[in-house]
Each structure stands twice: as C-alpha cells, then as structure tokens.
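Structure assessment
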Amino acid sequence: MIRLAKPEDKERYYTMLSYCFNMGNASIENNVNKDYFPMDEIIVNEVNGEISSSVHVVPFMMHFDQKTYPMGGIAGVSSFPESRDHGGIKEILTYSLQYMKEKGMIFSALGPFSFEFYRKYGWEWGFVFQKLKLPIQDLAKTKKAHHYQSLSKKDDEIVNLFRKQYACKFNGSIDFSLSIRENRWQNFYQNFTHCYAAYDDSNQIEAIAFFRIENRILICDELYFLSETGRQHMLHLFYTHRSQVDQVELLLPKDDNIRATLPNPRIQYWEWANMMFRVVCVKEALQAMQLKENNKGKLRLKVHDAQADWNNQIFELIIENNHLSVIELKKQSSYDFEMDIQRLSQLILGFIDGKEALQLELVTCKNVRKEPLFNKIFQKRPTMLWHMF
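Conventions we followed
Residues numbered from 1 in each chain as written. Predicted model: local features only at pLDDT ≥ 70, side-chain atom pairs only at ≥ 80, totals over all residues. Heavy atoms only, no water. Axes fitted to C-alpha atoms, helices over the stretch in contact; angles between N-to-C directions. Helix = DSSP H or I, 4+ residues; strand = E, 2+ residues; numbered from the N terminus. Parallel < 35°, antiparallel > 145°, perpendicular 65-115°, else oblique. Left-handed = near helix turned anticlockwise from the far one by under 90°. Contact = heavy atoms within 4.5 Å. Phe/Tyr/Trp six-rings, centres within 6.5 Å; stacked < 30°, edge-to-face > 60°. Buried < 20%, exposed > 50% of the residue type's maximum accessible area, 1.4 Å probe, protein only. Lys NZ or Arg CZ within 6 Å of the ring centre and 35° of its normal. Salt bridge = Lys/Arg side-chain N within 4 Å of Asp/Glu carboxyl O.

Attention now moves to the packing of helix α5 (residues 156-167) against helix α6 (residues 178-191). It is the contact of α5 with α6, at a shortest axis distance of 12 Å, that shows an interaxial angle of 110 degrees. In terms of their interaxial angle, α5 and α6 are classed as roughly perpendicular. Crossing handedness for the pair α5 and α6: right-handed. Listed contacts from α6 to D156, V159 and N160 of α5 are L178, R181 and W185.

Given below as structure tokens:
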C-alpha cells in the first residue's frame, strides 16, 4: 500500500535510510530523537504492516527562464534488500508524480545512482558541471579588487541576494529558502569552508566565493560574479593563498569558458554528468517558457509518458506576440513531432535544443515544414544545479 508516512514509521524509515546510504547507527539515533519528521513529504510502501521502501519529495523553488517555479527534489529513495526487485520503488516513483502534480510542482530533479534506472520512470540527464584544477601560479596576473571582506551567517541576506542575481540566469538552480541557507552555514562551519566577497571602489560586491583548503588545494565549489572583472578579482584573492596551496580547483557551469582567460589552457579539466531532470506537468512547463525570438505560428507535439497519463497526449503550441499558449488535444489528432517525456524535459529545460534533438534522432519529425519553428522554440539555455539533495 502506497501512502504518506506516519509518526509510527519514523524509526523504521530512518533505519532503512541509514541502511541504504551507509549512514551508521548514530545517524538513526540522531534522526529519531529529533522532533523534525516531514511526514507530508515522505512517500512509503507498506507491506504486511511495515514500510519496506520510501522516497522523500523535497519541495524547492527552482529558477526557470528568469522566474521561479515549484520543483520536487527526489531524495532518499530507499528500500530494504528483502523488498527489492518486486516493483515497490516503481510504484512509489509513479505515485510521487501524482503527488507532485497535486502540490503544483511542475518540475522534478534527482541525483541518480543509475541514469538507466531513473530513465525508465521519465527522468533524464539534465545537468553537467565542469571541474578545473590549475596551478596557483596561473593566477599570478589577476588583478586585485578594491578590498575583500570575510562573510558569515550574519551576512546571509547580503550573500543570498547576490547569489540570486547570478543563479537566476541558470535553469534548474535552486532559490534557497531560509532553512536551506541555515543548514548550509552549519555545514560550512563544520567543513571549515570560508566565504569571501570582493568589492569595487564604490563598495559594491563584485563576486562571492565559498572555498576550503585541503591538502594544499584551494577548492571552490561556488563562485558567484556579475562580471568577468569581478571573477578575476576573486581569483586574485585565491592567489594570495599561494603560501598555503599549490593548486586551485573550481566547479563551474558547463558553458563557462574560463580557460580562455588563463595563461595556459592545458590544465586538468573534466565534465561530470550531474543530476537528472523531469517535467511533471507538460502543459504548465511549456507555458512557463520564455521565448527568445519574436515568432508566430503553431505546431503539435505528441508526448509519451507511461507514468503520468496527463502528459501522455498531444499538445498544440500557439505562438503569438512572443507568447506561448498550450492546448491539449485528443490523442487521435494529427501532430508534427513525436517524443518521449525524457526528451521533452531536456528540450524545455534547455539542456538540448530542437536542432540537436532532430539531428540525434531523439525526436521524430512528421512535418518538416515545422522544423524552423520547432528550432526557434526549443533553444539551449544555461543550466546548473549546485544544490545536492
């Protein structure tokens, strides 16, 4: 039986979570002793009077085309070994889509242990980040900011406002709630992560970075800036650590071409396939898109979604005055393009564009005359998801 968690499920839930993620007995005791237990976010499968599998749908607000929308973060997917291979997780994930739809969450994301496993239920690869490791001496010619200042939890509002100006440009990034920010500051304290801001001569923040130092490597997973000058000023702050570190490691969005600014682009560099993404409600997601070009016309998409029947139909897209409206049509109607929910999710997010989807034969075209409009609607957008859950 699929249902939401109850108070009496608390200990078994955390025992199952600890078993699956190897968190130890201390984790079970700590969580059980806490008052916090988000029962209305946890979906469980009860078998013979005991829960055997679960998923936590964490509510977030996600940046998408310069606005924010509700997103369901899929976390804590777990089951006891004796309950596996019986379809329990499939039932829970399918139920989670209905749950998210009822909560108004039009998007979803998750961190997969296996892309192939979650692809079966409609999620698809949606995020990439790049990592670079460069010698500290490569930053020797960067310019110094007017001044720098260490920031802490007391500066949370300042940090969050600046971060939002940067993060809102990336589809998929999370708009941090107060509780998320408080947990982050606690984690930074425990991991000895530092936060610094670079200021210009008008005392305006140019860049903010979170970084830590481990084994003579300065590791920066979050670097926010509003101009390249601001970033270069922050990189100079990193250079002042040359007595402490030999290398700098940066985590950046996929399309950030920082190597073009370095004296030597032959550095350690790699891309990592990060999290997966899914559209929960196609109509609402399409209507949330902000078109980049002033176009006019109509086209029809046939979408296959085995887990969410409300998406498993034909949608007519009407573009007029740079506004996109969507009409749901009967399944027997004619259509111009056919695709599964995985590919449509990538297109809506902007992870791939229409031209690429057609070239890779990820989408079936039934009407070539509509290809130019299809390509203008579905264009690549910057994507990034820093927050793990």
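So, next bit.
So, about the packing of aromatic side chains. Scanning all chains against the criterion turns up 28 aromatic pairs. Aromatic pair Y14 and F37: ring centres 5.8 Å apart, planes at 55 degrees, arrangement tilted. Taken together, the positions of Y14 in helix α1 (residues 10-21) and F37 in the loop between α2 (25-33) and β2 (42-47) put the pair 23 residues apart, joining distant regions of the chain. The class of Y14 is buried, set by a relative accessible area of 8%. Residue classification places F37 among the buried positions, given a relative accessible area of 10%. Between F64 and Y69, the ring centres sit 6.1 Å apart and the planes meet at 75 degrees, which makes this aromatic pair edge-to-face. Side by side, F64 and Y69 carry an identical accessibility label, which is buried. Ring-pair connections join several aromatic residues into one group, and the members of that group are F64, Y69, F107, F127 and F277. A cation over an aromatic ring shows up here: K101 above the ring of W310, its NZ or CZ 5.3 Å from the ring centre.

Across all of its chains, the model carries 20 salt bridges by this definition. Across the pair R343 and E124 runs a salt bridge whose closest N-O atoms are separated by 3.8 Å. Of this pair, R343 sits in helix α9 (residues 341-349) while E124 sits in strand β6 (residues 124-125), and the two are 219 residues apart along the sequence. In this structure, the salt-bridge partner of R184 is E222, at a minimum N-O distance of 2.9 Å. A residue pair is termed long-range when its members are at least 10 positions apart, and R184 in helix α6 and E222 in strand β11 (residues 217-225) qualify at 38 residues. The exposure class assigned to R184 is buried, which follows from its relative accessible area of 13%. Several salt bridges share partner residues, and in doing so they unite R3, D9 and E46 into one network.

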